[in-house]
Amino acid sequence: MLQEGAHGKWTVSSSDESTEEVSDNEKPSTSLLSHAAQGKTSAPQYSCSEARKAAHKRKASPLKFIDKGFPTEARPAEKQRPGQEGSGWCLSSSDEEPEDQEKQVHKVTVKEEKNNVPKEHPPDFHQNNKLTGNRKAEEWCGAPSEGQDTWDLLNGGNPFRFFLTKVRGIEQSYNSGALHIKDILSPLFGTLVSSAQFNYCIDVEWLVRQYPQEFRKKPLLIVHGEKRESKAELLAQARPYENINFCQAKLDIAFGTHHTKMMLLLYEEGLRVVIHTSNLISEDWHQKTQGIWISPLYPRLPQGATGSAGESETNFKSDLISYLAAYNSPTLKEWIDNIQEHDLSETRVYLLGSTPGRYQGIDKEKWGHLRLRKLLREGASLVAARESWPVVGQFSSIGSMGADESKWLCSEFQDSLLAAHTSGTSILKCAVPIHLVYPTVDNVRQSLEGYPAGGSLPYSIQTAQKQLWLHSYFHKWSAEVSGRSHAMPHIKTYMRPSPDFQKIAWFLVTSANLSKAAWGALEKNGTQLMIRSYELGVLFLPSAFGLDKGYFHVKGKLHSESKDLVTSFPVPYDLPPEQYGSKDRPWIWNIPYTDAPDTHGNMWVPS
């Protein structure tokens with residue numbers, strides 16, 4: 001359906017309207033059963049968002065870019081406003097003639113092809129970025145890393161235990177120290193007895209193949225948030241596997257999702273917890289930037305140990321049990337018992353979760369951004385002139401922030417991000433810069449995946465047009481430090497860097513995007529916090545790593561050797577972030593981009 005607004009004319013690929021608070025990747029997806037009934041074989045065989053379905057369709061049937069040039073009767077180029085070319089949407093004034101913008105969409109000949117053959121790549125791309133398709137991607141990542149390398153990583157080579165996923169198509173040195181899901185599930189990590197997978201988007205058949213052959217029949221619990229038709233399809237996927245059971249997360253508040261991404265791995269040798277940012281589908285472990293925190297191997301406690309035994313200084317054990325208890329599911333009782341029976345005292349990170357509900361009193365500080373506020377107040381040291389330290393937020397989807405920054409972003413959310421300030425001096429909010437890192441259209445176009453990478457960046461035109469003020473905070477995605485500038489981010493991170501970006505006061509990796517549904521929003525004059533979704537992340541504070549200066553140094557190249565492992569934190573993208581230029585536009589998934597080809601020579605027409 002053609003619509004018109006402040007950005008000109010565009011075609012919306014889905015009739016779904018954005019909900020007021022929910023980031024677009026968090027909306028419940030429509031059932032795939034109807035697609036199957038209609039014979040739409042291009043749809044993925046698992047439940048996912050409309051944006052991901054569009055990306056899947058474009059990978060299966062790409063639209064090749066054929067530039068026909070300007071017709072002789074077209075207006076001269078100088079009539080086009082700066083920033084309009086190639087953006088797919090533009091901030092045009094209403095007195096411009098909209099028919100010219102509509103013609104922009106139609107000046108390209110659309111040609112569907114069955115095979116996606118790369119035509120154009122950025123100069124630093126490598127020739128091994130040629131195979132396409134889930135199975136070929138899986139073949140590349142199929143074998144776990146060399147045993148000794150993986151063992152070294154887990155035992156002293158990475159004191160923060162923070163990793164990125166491997167990316168196909170980048171220089172191999174940048175995959176040194178990175179992990180694929182097959183690495184995590186390999187026997188090197190432990191002799192698996194049973195496991196639990198908490199996630200949002202799940203391809204059961206693919207997931208089973210990631211386990212080593214000898215572990216594929218071990219008990220597997222999948223914790224999900226699917227309902228109705230989507231739930232029926234998920235259960236149908238698992239029918240061939242007698243070892244798989246399910247736990248449905250209760251989502252009683254509208255538009256909430258089960259967005260947490262966690263693995264619980266019980267071994268003969270102990271227990272391990274993995275908190276990460278990837279969906280359990282092939283695409284998320286292939287050419288995206290993703291984050292993983294892997295716990296130490298937790299040994300079993302001696303029989304008769306007291307209830308408080310095995311707790312860490314960060315209270316990770318009790319917080320993880322509280323998080324699992326919030327599901328209020330008998331199915332998770334076994335895993336709560338497993339955690340209770342192990343020694344988690346070596347954990348150095350803090351757990352930060354969100355669970356759906358409306359919380360008052362002391363319960364307000366258990367979840368969401370008020371939990372972050374409490375942890376920072378209690379654990380982050382004051383640093384001289386901290387008032388001038390900015391805040392960085394980096395994410396892959398965005399909810400509705402309201403009519404202006406005072407509604408949530410620069411009020412309650414920023415108050416939580418700045419909560420390390422406990423001095424009596426008030427902070428002028430405008431004096432604390434907020435840098436929001438979200439990919440531009442060109443970031444996506446020039447990425448390893450090309451335009452289909454935007455399927456996992458589901459910011460919609462319906463949401464974007466309501467909050468043009470937000471875009472002035474946006475900064476480009478750039479990750480030369482990790483070799484991942486062309487691997488679009490699905491990782492979500494938040495941090496407090498120094499003004500020169502050489503230090504950080506804290507770092508958070510989480511499943512939580514920039515949305516009120518994920519972080520919570522205050523109600524009833526601030527006496528109640530309402531959260532819609534399940535989220536989970538880990539917070540790194542210098543004090544937990546024995547650093548009394550109150551900050552980490554920012555590490556240089558991530559794959560380089562460093563003598564100061566504990567003091568240098570591996571921030572996975574470039575600091576300081578670069579603000580959008582006048583021609584940059586945030587990636588919007590449900591409008592077309594037809595003015596320039598991506599790295600595979602294709603356009604983006606989502607419908």
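Source: prediction; values computed, not measured.

With respect to burial, strand S9 (residues 262-267) is a largely interior element, six of its six residues being buried. Judged from the five bridges that link them, S9 and strand S10 (residues 271-276) form a sheet pairing that is antiparallel. Residue pairing for S10: Leu265 is matched across the bridge by Arg272. Turn length for the S9-S10 hairpin, with the two strands adjacent in sequence and antiparallel, is three residues, and the turn residue Gly270 shows positive phi of about 155°.

Another point: the nonpolar core. The biggest cluster of nonpolar side chains holds 115 residues, and the ones touching the most others in it are Met262, Phe316, Leu409, Trp506, Trp519, Phe540 and Trp587. Counting residues per element, this core draws most heavily on strand S20 (residues 503-510), which supplies six residues. With residues near it in sequence (within four places) discarded, Trp587 still touches Tyr438, Pro439, Thr440, Val441, Val444, Tyr451, Gly454, Leu457, Tyr459, Tyr593 and Trp604. Counting 27 residues, the second-largest nonpolar core is a separate cluster that includes Val208, Ala238, Leu265 and Leu280.

This part is about the packing of aromatic side chains. Inspection of every chain in the model, using the stated rule, returns 32 aromatic pairs. Both rings, one in Phe160 and one in Phe540, keep their centres 6.3 Å apart while their planes meet at 80°; by these two values the pair is edge-to-face. One end of the pair, Phe160, is in the loop between helix H5 (147-157) and strand S5 (162-164); the other, Phe540, is in strand S23 (residues 535-540), and 380 residues separate them in sequence. Accessibility expressed as a relative area gives 2% for Phe160, which makes it buried. Classification of Phe540 by relative accessible area gives buried; the value is 0%. Measuring from ring centre to ring centre gives 5.0 Å for Phe540 and Phe569, while their planes differ by 65°; the resulting arrangement is edge-to-face. Here Phe569 lies in strand S25 (residues 568-569) and Phe540 lies in strand S23, a separation of 29 residues in the sequence. Pair check on accessibility: Phe540 and Phe569 agree, each one buried. The structure contains a cluster of three or more aromatic residues connected by ring pairs, namely Phe160, Phe162, Phe507, Phe540, Phe545, Phe552 and Phe569.

As a further point, take the UniProt feature "binding site: substrate" (unreviewed entry) in the protein. According to UniProt, the positions carrying the feature "binding site: substrate" (unreviewed entry) are Lys261 and Lys492. These residues run over 232 residues, yet every pair of their C-alpha atoms falls within 11.8 Å of each other. With respect to the secondary-structure elements, Lys261 resides in the loop between strand S8 (244-248) and S9. What makes Lys261 buried here is its relative accessible area of 0%. What Lys261 contacts, discounting residues up to four positions off in sequence, is Phe198, Asn199, Tyr200, Val274, Ile275, His276, Thr277, Ser278, Asn279 and His490. Within the structure, Lys261 has its side chain in polar contact with the backbone oxygen of His259 (distance 2.8 Å).

This part takes up the sheet that holds strand S22 (residues 528-531). As summarised here, the arrangement of the three strands in space is S14-S22-S21, forming an open sheet in which the pairing is antiparallel. Every interior strand has two partners, whereas the edge strands, strand S14 (357-360) and strand S21 (521-523), have only one. Across this sheet, the average inter-strand angle for adjacent strands is 30°, counted without regard to direction. Judged from the four bridges that link them, S14 and S22 form a sheet pairing that is antiparallel. Its bridge partner lying in S22, Gly357 is registered against Ile531.

The next subject is the UniProt feature "site: Interaction with DNA" (unreviewed entry) in the protein. Per the UniProt record, the feature "site: Interaction with DNA" (unreviewed entry) sits at Ser515. Relative to the helices and strands, Ser515 resides in the loop between S20 and helix H15 (516-519).

Another point: the pattern of salt bridges. Tallied over the entire structure, the rule returns 15 salt bridges. Residues Glu205 and Arg209 are paired through a salt bridge, measuring 3.3 Å at the closest nitrogen-oxygen approach. Note that Glu205 and Arg209 are positioned in helix H7 (residues 204-210) at a spacing of four residues, about one turn of the helix. Taking the relative accessible area as the measure of exposure, Arg209 reaches 17% and is therefore buried.

The side chains of a regular strand alternate between both faces of the sheet. Where burial is concerned, the two faces of S22 agree: the one with Gln528 and Met530 and the one with Leu529 and Ile531 are both buried. In the sheet, S21 pairs with S22 via three bridges, with the strands oriented antiparallel. Residue pairing across strands places Ala521 opposite Met530, the latter belonging to S22. Linking two consecutive strands that pair antiparallel, namely S21 and S22, is a turn of four residues; a positive phi of about 50° is found at Lys524 within it.

A word on the sheet that holds S10. In spatial order, the strands read S5-S12-S10-S9-S6-S7-S8; together these seven strands make up an open sheet with mixed pairing. The strands lining the two open edges of the sheet, one partner per strand, are S5 and S8. On average, adjacent strands in this sheet sit at an angle of 20° to one another, irrespective of strand direction. Both strand S7 (residues 220-224) and S8 contribute to a ladder of five bridges, which runs parallel. Bridging across to S8, Val223 finds its partner in Cys247. Seen against the sheet, helix H9 (residues 316-325) touches strand S6 (192-198), S9, S10 and strand S12 (291-294) and runs at an angle of roughly 110° to S9. The strands that helix H10 (residues 333-340) touches are S6, S7, S9 and S10; relative to S9, the one it contacts most, it runs at about 65°.

To continue, consider the side chain of Lys364. Residue placement: Lys364 occurs in the loop between S14 and helix H11 (368-379). Buried and unpaired, Lys364 has Glu365 as its nearest opposite-charge partner, separated by 7.1 Å. Polar contacts involving the side chain of Lys364 include one to the main-chain carbonyl oxygen of Gly526, which spans 2.9 Å. Beyond its immediate chain neighbours, meaning those up to four positions away, Lys364 contacts Tyr359, Leu370, Gly526, Thr527, Gln528 and Leu529.

Let us look at the packing of H9 against H10. For the pair H9 and H10, the least separation of the axes is 10 Å and the interaxial angle reads 175°. Considered as vectors, H9 and H10 are oriented roughly antiparallel to each other. When H9 is examined against H10, the residues Lys317, Leu320, Ile321, Leu324 and Ala325 are found in contact with a partner set consisting of Ile336, Ile339 and Gln340. Within the contact of H9 with H10, the residues separate by chemical class into six nonpolar, one polar and one charged.

Definitions and cut-offs
Residues numbered from 1 in each chain as written. Predicted model: local features only at pLDDT ≥ 70, side-chain atom pairs only at ≥ 80, totals over all residues. Heavy atoms only, no water. Buried < 20%, exposed > 50% of the residue type's maximum accessible area, 1.4 Å probe, protein only. Helix = DSSP H or I, 4+ residues; strand = E, 2+ residues; numbered from the N terminus. Pairing = 2+ DSSP bridges. Core = buried A, V, L, I, M, F, W, Y, C linked by side-chain atoms within 4.5 Å. Contact = heavy atoms within 4.5 Å. Phe/Tyr/Trp six-rings, centres within 6.5 Å; stacked < 30°, edge-to-face > 60°. UniProt positions renumbered as here; feature names shortened; annotations may be inferred. Polar contact = N/O pair within 3.5 Å; in protein donor to acceptor, adjacent residues only side chain to side chain. Axes fitted to C-alpha atoms, helices over the stretch in contact; angles between N-to-C directions. Salt bridge = Lys/Arg side-chain N within 4 Å of Asp/Glu carboxyl O. Lys, Arg positive; Asp, Glu negative; His and termini not counted. Parallel < 35°, antiparallel > 145°, perpendicular 65-115°, else oblique. Nonpolar A, V, L, I, M, F, W, Y, C, P; charged D, E, K, R; others polar.

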